[in-house]
Amino acid sequence: MLVNRRQFLMAAVTAPTVAMAQENAEPILDRGFAQVTRMADGVYVTVAGPGGPQCLSNGAVIAGRDATLIVEGHFFPEGAELEIEVARMVSKAPVRAAVNTHYHLDHTFGNIAYERQKIPIMAHERAPALMKERYAALQRVDKGPLLAPLEKRAANATDPIEKRHLNSDLGALKWMYEAIDRVTLAYPTELLGASDFPNKIDLGGITVLIEHQTGHTPTDLVVHVPERDLVFTGDLLFEKSWPVAFDSDMISWRKALDRLAAFGRGTRFVPGHGPVCGVEVVREFADLIDDLHNHSEKMLRASASVEEATRRYTIPDRFEKFDMFSWDWAIGGAMRSYYAQRKA
Ligand SMILES: [Zn+2]
């Protein structure tokens, strides 16, 4: 999903705890498309900004005495190059790896910059197969026929709300297809499977724990820095935004949020997009997911089809100002997940 200007500006008003914690932290790098701030001893957080799509997702460099670890593959190689630059700037230690929090394009399409520097790319073991299936398989493929059915539906829609939703879906698909046609893919090289979790990495004076949670995708990794009370959530946490849920497992996602909330009051969370936040944002996002779940239950009781459930969802006032990238990727994806679980 895209981080827009509003979301960027909202940071100041929605995250007072974090604003306080960062008060004295001047950015060590400011590129317009991203700002890098020293968040804690040895932890440098990259927050994607509105000045360009190079990063698009947030990231980090975690620097210990013996090694550094990069978080995220970002959207363009320039985003990943920024992380390498930060790693070299703050430490002389070698880069242990760059972690992809999940396989999605805005978290992996910059990977080639790591490959060029021979930096290992760490991800969940299913990430490469999903990148091949969802992205590589569509390269050098004519996207016209893939877009045609949706284009037709959008053109024929008579209800203005329905038309707006379908156009948002069309915009999202076109954005994805353009990125697929542009990217030089680089696949994760260090794959983590069930027996590797929690994956503990000792960087020298600072430890990183990588855990596997599912919800947003089957490949979600949570990067926890216990000694600094910091958690990188990838897209398991959306801040003031509707989830991208087209390959979600919504029931697992809700459980993953409970586990995030259990980290406690002082923990700072770095979501995949948007500003660093506290546990209140985790709770707010859990409420939003609960609302989607309640709607699906209501629709199932009324024997509504999944398409009807998607169409009939209304946004509660409380979440009205939240960003949404695409109606189908948010509401449609969530409804399909709930419905599939009921049938299973
Ligand atoms: Zn994602």
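Structure report, in brief.

### What to know about the coordination of the zinc ion
For the zinc ion, every protein donor is listed as His102 (NE2), His104 (ND1), His216 (NE2) and Asp235 (OD), and the spread of their distances is 2.2 to 2.3 Å. Between the four donor atoms coordinating the zinc ion, the angles at the centre fall across 84 to 170°, so the site counts as irregular. Mapping the donors of the zinc ion onto the primary sequence yields the spacing H-x1-H-x111-H-x18-D. A residue pair is termed long-range when its members are at least 10 positions apart, and His216 in the loop between β10 (207-212) and β11 (221-225) and Asp235 in the loop between β12 (230-234) and α9 (250-261) qualify at 19 residues. Since its relative accessible area comes to 0%, His216 is described here as buried.

### Remarks on the sheet that holds strand β6 (residues 95-99)
Picture the strands of a sheet paired through backbone hydrogen bonds; they go either parallel or antiparallel. Read from one edge to the other, the open sheet built from eight strands follows the order β1-β2-β3-β4-β5-β6-β7-β8, with strand pairing classed as mixed. Bordering the open sheet on either side are β1 (27-30) and β8 (190-192), each of which pairs with just one other strand. The sheet shows a mean angle of 20° between the axes of neighbouring strands, direction not considered. Here strand β4 (residues 59-63) runs beside strand β5 (residues 68-71); their pairing, made up of four bridges, is antiparallel. When the sheet's bridge partners are listed, Ala63 is paired in β5 with Thr68.

### What to know about the sheet that holds strand β13 (residues 268-271)
Pairing in this open sheet of five strands is mixed, and the strands run β9-β10-β11-β12-β13 from one edge to the other. Two strands in the sheet have a free side with no partner beyond their single neighbour: β9 (199-202) and β13. Taken pair by pair, the neighbouring strands of this sheet meet at an average axis angle of 20°, ignoring direction. Relative to β12, β11 is paired through three bridges, and the arrangement is antiparallel. Bridge pairing in β12 links Val225 to Leu230.

### Let's talk about the layout of surface pockets
In this structure, the largest pocket occupies an estimated 640 Å³ of space. Taken together, 26 residues line the largest pocket, and the ones lying closest to its centre are Arg153, Asp169, Asp328, Trp329 and Arg336. Residue contributions to the lining of the largest pocket peak at seven residues, all from helix α8 (residues 160-182).

### Re the packing of α8 against helix α12 (residues 327-343)
Contact geometry for α8 and α12: axes closest at 8 Å, N-to-C directions at 105°. When the axis of α8 is compared with that of α12, the two are roughly perpendicular. Here α8 contributes His165, Ser168, Asp169, Ala172, Leu173, Trp175 and Met176 to the contact with α12, which in turn contributes Trp327, Asp328 and Trp329.

About the criteria used
Residues numbered from 1 in each chain as written. Predicted model: local features only at pLDDT ≥ 70, side-chain atom pairs only at ≥ 80, totals over all residues. Heavy atoms only, no water. Donors = N, O, S within 2.8 Å, 3.2 Å for Na, K, Ca; no water. Tetrahedral: all angles 85-135°; square planar, octahedral: opposite > 155°, others 65-115°. Helix = DSSP H or I, 4+ residues; strand = E, 2+ residues; numbered from the N terminus. Buried < 20%, exposed > 50% of the residue type's maximum accessible area, 1.4 Å probe, protein only. Pairing = 2+ DSSP bridges. Axes fitted to C-alpha atoms, helices over the stretch in contact; angles between N-to-C directions. 1 Å grid on protein atoms, 1.4 Å probe; cavity = no way out; pocket = protein on both sides within 12 Å on 5 of 7 lines; lining within 4 Å. Points joined across faces, edges and corners; volume = space filled by probe spheres on them. Parallel < 35°, antiparallel > 145°, perpendicular 65-115°, else oblique. Contact = heavy atoms within 4.5 Å.

Everything listed is a geometric property; what it means functionally is a separate question.
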